[in-house]
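# Residue-level structure breakdown
For reference, the chains in residue letters:
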Amino acid sequence: MYLKEELILKNYFVIFLTDNFFPIKISLRGGISITNFDYGGFLKKFRWPIGLPIFLLVISFLFNKQLYGVFGAENYLSIHLMVEIFIIVFSFSIAIQAWLIVPYVLSNKRLYIGALFLSLGLTELFHTLTYQGMPFFLEKSSNYSATWFYIIGRLSLAVGLLSIYLFKPKNSVLKNRYIVYGLSLAYTVCWLGIIYSPKALLPNLFIDGVGTSQIKNGLQYAAAFLQLFFVAYIFKSKNNVQKKEVEMLVLGSFYLILGDLVFTTYINVYDFRAMLGHLFQLTSYYFFLKALHHTSVEEPFELLMETQEELESSQDSLRYTIDHDELTGLPKLHYIETKLAEMLNIHEKAAVLMVEVDRLKVINESFGSRFEDQIIHGVSKRLSYVESQKRVLGKGNNGEFILIVPTVSNREEVTAICEKITQLMEVHFPVQHHQVKVDLNIGIAIYPEHGRNASDLFRHAQVAMHQAKHQINRVLFYEKNMEKCSEQKMLLEHDLHKALENQELFLEYQPQIDVRTGEIISVEALLRWKHPTKGIISPADFIPIAEESGLIVPIGEWVLQQACSQVKKCQEDCQLTIGVSVNLSIRQFFQHNLAHTVKRVLAETQLHPACLELEITESMTMDRKHAVETLCELKELGIKIAIDDFGTGYSSIAYLKDLPIDTLKIDRSFVMQIPTGDTVLISMIISLAKHLNLTIIAEGVEEELQWEFLSREGCNLIQGYLCGRPMPLHQIIETIHFQQAAQI
């Protein structure tokens, strides 16, 4: 199974083409410099590989005579042959290994190292075949050929390693390995031709019984010097070289240099130092093989293992991301559904609570997704505080929360959990410098009463949740007739799309009366719908549908047009100066062309701007910048602005003075407390409005005692059933005419 993953692991960049060890394509990047190489740690780590050869070197110089021929003259040739076989095997192993990994590594450094050791393996092979005492091969064995093959290999190794590491590693192409290895063979063949030439073209480097010549010693010291230079360079090299690779190269070079020292002092092949030099050479090739093996096999394998662990971890993380909501960290619907299915196999009874933030879609469209996210995150944290044995909290696909409560015994237990949730929501949420009141709608489905599988339970809980918004406590258990109600709601939405076109919508007006004089000063336009078959539809039923579907925008514009037109006509026909208040929906308020629409309507209807008052709710002012900018644009038209239902929503009194408003409408929930309830808050609101020079309207006035209290407190206008129910505009005109006649 082929993959293609690019991962940064530590200091390496690794490209894996498969999840098996072979084939892989790897490009390594890493390295060390002289500033971070731990010399003390290196010496401590390799104290035996460093100390032992030095000890043997000292012994060879102190006791050379005593050790001469120590292995027996008849055994030296066989011992030399075995050592050389190992050297040749190591050389060809490096060459073959490099040849095999180049198609996957495509590194010119690995390629050149393989070609170098191919040449070294061949020169060592001919050095072995021509060593003194070996049988005839092309020519009689001699010190001349054997020594020259050795010195050529030694110099080639020193110069080759330095040249390879001197240049920055680059990527290679596959066909280059044939060219490079071919050049390596050609290079070796050239030396074979020179050394096997019938006429000696090179000086003799070793004289038996005398020892090495000055030329041989000079070449040997040159090789040692180049090797020392190579060691110094890789320490300081900025070309990325792995730490383990550096260690192996340094150790290999160390043994080569020791071998150079002893190969300049031996007298003949039976000299102990000659055998020691070959052992040093063998050991150095072993470390070079380890260097290549580490960088080409061990390290990629380790990286592959680490990467597989990283991939497994990434898969776990991916599975978590798939199963959990990014914003809240809660399990998603499919995960919750699986958990519920498991629970239903264990427990005899369970409850599914579907919880939604009321008017969340409107909040998103009005204030943006960031505001919505903060509310959702805050709600999720508070829901997590709900204590219930083995309860599972998750998040649905449409922003709702799902709470599964196993082992419930009765409905009262579930109701108690819902009350706990409601209590958790009583404290306002701090969002963008605002204190936001959040209401939750909770639908409940009980297993097995309301469904025997997870899908049915979720669907029924969702149906109950949508109906719960119409309940006082916003909590509702599923009932079978609810799905019929949902169907009716869909049909109602379908009919609402045609209502405006079919002229089924109309306006009624509720008078707003001066507290002191009892005169009708203005009216509030209220939307009504007369369905062709169902009759009058309550605004509580169709207004939320209009808001959810977006129909509220064209309907709201129609209401504004009709209210202004009808009031203007009334003013002209009856010679009355009367104002009109029109409610703005939150969707309308966030329309970018709101001011332009109002200006156009005023121009078309010829209504004086001072006669129009637009009512907004506190929730619309949460986006302070937008609210101020929009209200200022509207105020420039000359109209009035009122805050409706003040005291029940999101507004902060500290910001009230910054809003360009004219009127505060006190919510009916405060008026209902007059005179028997707590009237401190309503008195404070009236006092605040006075200090801000705002007109005060009290809604929901139904008793004369309420009127008297509001009059004493200094309220300007009242509105409610005591003043008059919503009615057609012509009835209000008749009432005004009656009042005027009574005064005469």
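Residues numbered from 1 in each chain as written. Predicted model: local features only at pLDDT ≥ 70, side-chain atom pairs only at ≥ 80, totals over all residues. Heavy atoms only, no water.

In this section: the overall build of the protein chain. Helices and strands together make up the secondary structure of the protein chain, namely 26 helices and 21 strands. In the protein chain, which comprises 744 residues, the proportion classed as buried is 51%. Look at the contacts in the protein chain between residues 6 or more apart in sequence, and 71% of them connect residues 24 or more apart. Surface summary for the protein chain: the accessible area is close to 36500 Å², and the carbon and sulfur share equals 57%. (Helix = DSSP H or I, 4+ residues; strand = E, 2+ residues; numbered from the N terminus. Buried < 20%, exposed > 50% of the residue type's maximum accessible area, 1.4 Å probe, protein only. Contact = heavy atoms within 4.5 Å. Areas by Shrake-Rupley, 256 points an atom, 1.4 Å probe, with all protein chains shown as cover.)

For strand β16 (residues 579-583), the buried fraction is high: four of the five residues fall into the buried class. The pairing of β16 with strand β17 (residues 612-617) spans four bridges and is parallel. Across the sheet, N583 pairs through a bridge with E615, a residue of β17. (Pairing = 2+ DSSP bridges.)

Now for the environment of E493. Within the secondary structure, E493 sits in helix α16 (residues 482-499). The class for E493 is partly exposed, based on a relative accessible area of 29%. Considered as a pair, E493 and L551 are 58 residues apart in the sequence and their alpha carbons are 9.3 Å apart. Every residue in contact with E493, bar those within four places of it in the chain, is listed here: I545, S549 and L551.

In this structure, the amide linkage connecting Y447 to the following residue, P448, adopts the cis form with an omega of 5°. Structurally, P448 can be placed in the loop between β11 (440-447) and α15 (454-468). Of note in the backbone geometry, R474 takes a positive phi value of approximately 60° without being a glycine. Locating R474 in the fold gives a position in the loop between α15 and β12 (475-477). You will see that Q503, though not glycine, has its phi angle at about 60°, which is positive.

This brings us to helix α18 (residues 552-574). Between its first and last C-alpha atoms α18 spans 32 Å; for 23 residues at 1.5 Å apiece the expected length is 33 Å, and the two agree. Buried within α18 are the following residues: I552, I555, G556, V559, L560, A563, C564, V567, K568, C570 and Q571. A positive backbone phi angle near 55° is found at Q575, which sits one or two residues after α18. (Expected span 1.5 Å × (residues − 1).)

Here we take up the nonpolar core. Among the nonpolar cores identified, the biggest contains 78 residues, and V580, L612, L614 and L710 are the most heavily contacted of them. In terms of residues, this core owes the most to one element, α18, which gives eight residues. Not counting residues within four places of it along the chain, the set of residues in contact with V580 comprises Y509, S522, V523, A525, A563, V567, L607, C611, L612 and E613. (Core = buried A, V, L, I, M, F, W, Y, C linked by side-chain atoms within 4.5 Å.)

Moving on to the confidence of the model for the protein chain. Keep in mind that low pLDDT regions are not for reading the predicted coordinates in detail. Across the protein chain, the average pLDDT comes to 82, with 89% of residues at or above 70. A low-confidence stretch, residues 1-35 (pLDDT under 50), is modelled with 87 contacts involving residues beyond four sequence positions or located in other chains. (pLDDT = per-residue confidence, 0-100.)

Attention now goes to a nonpolar patch on the surface. Taken together, the side chains of I54, V58, L62 and F63 define a hydrophobic patch exposed on the protein surface, amounting to about 350 Å² of accessible area. Along the chain, the position of I54 falls in helix α2 (residues 47-62). Judged by its relative accessible area of 38%, I54 falls in the partly exposed class. (Patch = residues over 30% accessible without salt bridge, like charges linked within 9 Å, V, L, I, M, F, W, Y side chains within 5 Å. Salt bridge = Lys/Arg side-chain N within 4 Å of Asp/Glu carboxyl O.)

Put simply, the second largest pocket is a space of about 390 Å³. Lining the second largest pocket are 18 residues, with A115, L116, G160, S184 and Y187 sitting closest to its centre. Where the lining of the second largest pocket is concerned, the elements lending two or more residues are α5 (108-129), α6 (143-166) and α7 (176-195). Along the lines of polarity and charge, the residues of the lining of the second largest pocket split into 13 nonpolar, five polar and no charged. (1 Å grid on protein atoms, 1.4 Å probe; cavity = no way out; pocket = protein on both sides within 12 Å on 5 of 7 lines; lining within 4 Å. Points joined across faces, edges and corners; volume = space filled by probe spheres on them. Nonpolar A, V, L, I, M, F, W, Y, C, P; charged D, E, K, R; others polar.)

Given a rise of 1.5 Å per residue, 20 residues ought to cover 28 Å, and the 29 Å separating the end C-alpha atoms of α7 matches this to within 8%. For α7, the set of buried residues is R177, V180, Y181, S184, T188, L192 and I195. All buried residues of α7 project into a common sector of 125° when viewed along the axis, lining one side. Opposite the buried face of α7, at more than 90 degrees from it, the exposed residues are Y178, L183, V189 and C190. (Arc of directions from axis to C-beta.)

Most of strand β14 (residues 520-531) sits out of view: 10 of its 12 residues are buried. As paired strands, strand β13 (residues 505-514) and β14 are joined by nine bridges and run antiparallel to one another. Bridge pairing links Y509 to A525 in β14. The antiparallel pairing of β13 with β14 creates a hairpin that spans five residues between the two strands, and G518 there sits at a positive phi of about 80°. Here three bridges tie β14 to β16, and the two strands are oriented parallel to one another. Bridge pairing in β16 links V523 to V580. Pairing between β14 and strand β15 (residues 535-537): three bridges, direction antiparallel. In the strand pairing of β15, W529 is matched with I537.

Taken in spatial order, the five strands line up as β7-β8-β6-β11-β12 in an open sheet, and their pairing is mixed. Both outer strands of the open sheet, β7 (392-395) and β12, are each paired with one neighbouring strand and no more. Neighbouring strand axes in the sheet, compared pairwise and without regard to direction, differ in orientation by 20° on average. Taken together, the four bridges between β7 and strand β8 (residues 401-406) define a ladder with antiparallel strand orientation. Each bridged residue has a counterpart across the sheet, and for G394 the counterpart in β8 is I402. Seen against the sheet, helix α13 (residues 369-383) touches β6 (350-357), β7, β8 and β11 and runs at an angle of roughly 10° to β8. α15 rests against β6, β8, β11 and β12 of the sheet, and its axis sits at about 145° to β11. (Axes fitted to C-alpha atoms, helices over the stretch in contact; angles between N-to-C directions.)

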